[in-house]
Amino acid sequence: MDTRNPSTLRLRSKHCLSSGSPCDECADISLHVECLADIAHTPRAHTNYKFLGLAHMQDIARAYAEQIKQLKLQLNDSRKYMSVLTQLDDYNRLLMAISERDIPRLQQIINIALCNGASVCQVVNKLEDALKGVYHPRSYDAMWVSQPGRLI
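Model, not experiment: these values are computed from the prediction.

## So, the overall build of the chain
1) Next: A count of helices and strands for the chain gives five helices and zero strands.
2) Next: Along its sequence from the N terminus, the chain presents helices and strands in the succession α-α-α-α-α.
3) Next: The buried share of the chain, reckoned over its 152 residues, is 14%.
4) Next: Surface exposure of the chain reaches about 12,900 Å², of which carbon and sulfur atoms provide 58%.

What follows is the structure, given as structure tokens:
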């Protein structure tokens, strides 16, 4: 250490023969120390954790937390996309059921299902049930309901 300027380092090689100005080996030491200081301030990505300081470990933890946050956002987005794709698939199924098959009382099945708050998937299921003959929508007109013995 230089006594006139205590904040600067004065480096000297073990094999130095010069007493005044620095020799070539002494000049190389300062470059080597600067390289070591740079490594200490900004360690490489593959550096083992046991060689890192607390500040660097905190930086790594923050980077991992940010990466986890981004992955969670991507997962939420993919869930939204899957939900939208499922709805789109249900609409395609409804469209295909309407266009390809001759379903009796089609409009009535759809109206009843929508009045009951059914989703598109449930409407398609009702249409498929009607095709199989499991579901039979019935229409009751006002005259039929007004006759007293009919509802029993």
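## Some thoughts on the confidence of the model for the chain
1) Next: On average, residues of the chain carry a pLDDT of 77, and 76% of them reach 70 or more.
2) Next: Averaged over each element, pLDDT in the chain is lowest for helix H5 (residues 142–146) (52) and highest for helix H2 (residues 54–100) (87).

## Some remarks on the nonpolar core
1) Next: Leu-94, Ala-97, Ile-109, Ile-110, Ala-113, Ala-118, Val-120, Val-123, Val-124, Leu-127 and Ala-130 form the largest nonpolar core, which has eleven residues in total.
2) Next: Elements with a minimum of two residues in this core: H2, helix H3 (106–115) and helix H4 (120–132).
3) Next: In terms of residue count, the dominant contributor to this core is H4 (five residues).
4) Next: Setting aside residues no more than four positions away along its own chain, Leu-94 makes contact with Val-120, Val-123, Val-124 and Leu-127.

## Considerations on a nonpolar patch on the surface
1) Next: On the surface, Tyr-49, Met-57 and Tyr-64 cluster together into a nonpolar patch covering about 300 Å² of accessible area.
2) Next: When its relative accessible area of 33% is taken as the criterion, Met-57 is described as partly exposed.

## A word on the environment of Val-123
1) Next: Structurally, Val-123 is set in helix H4.
2) Next: Using a relative accessible area of 4% as the deciding quantity, one classes Val-123 as buried.
3) Next: It is 9.2 Å that separates the C-alpha atoms of Val-123 and Ile-112, two residues lying eleven residues apart in sequence.
4) Next: Val-123 has contacts with Leu-94, Ile-110, Ala-113, Leu-114 and Ala-118, leaving out every residue within four places of it along the chain.

The rules we used
- Residues numbered from 1 in each chain as written.
- Predicted model: local features only at pLDDT ≥ 70, side-chain atom pairs only at ≥ 80, totals over all residues.
- Heavy atoms only, no water.
- Helix = DSSP H or I, 4+ residues; strand = E, 2+ residues; numbered from the N terminus.
- Buried < 20%, exposed > 50% of the residue type's maximum accessible area, 1.4 Å probe, protein only.
- Areas by Shrake-Rupley, 256 points an atom, 1.4 Å probe, with all protein chains shown as cover.
- pLDDT = per-residue confidence, 0-100.
- Core = buried A, V, L, I, M, F, W, Y, C linked by side-chain atoms within 4.5 Å.
- Contact = heavy atoms within 4.5 Å.
- Patch = residues over 30% accessible without salt bridge, like charges linked within 9 Å, V, L, I, M, F, W, Y side chains within 5 Å.
- Salt bridge = Lys/Arg side-chain N within 4 Å of Asp/Glu carboxyl O.

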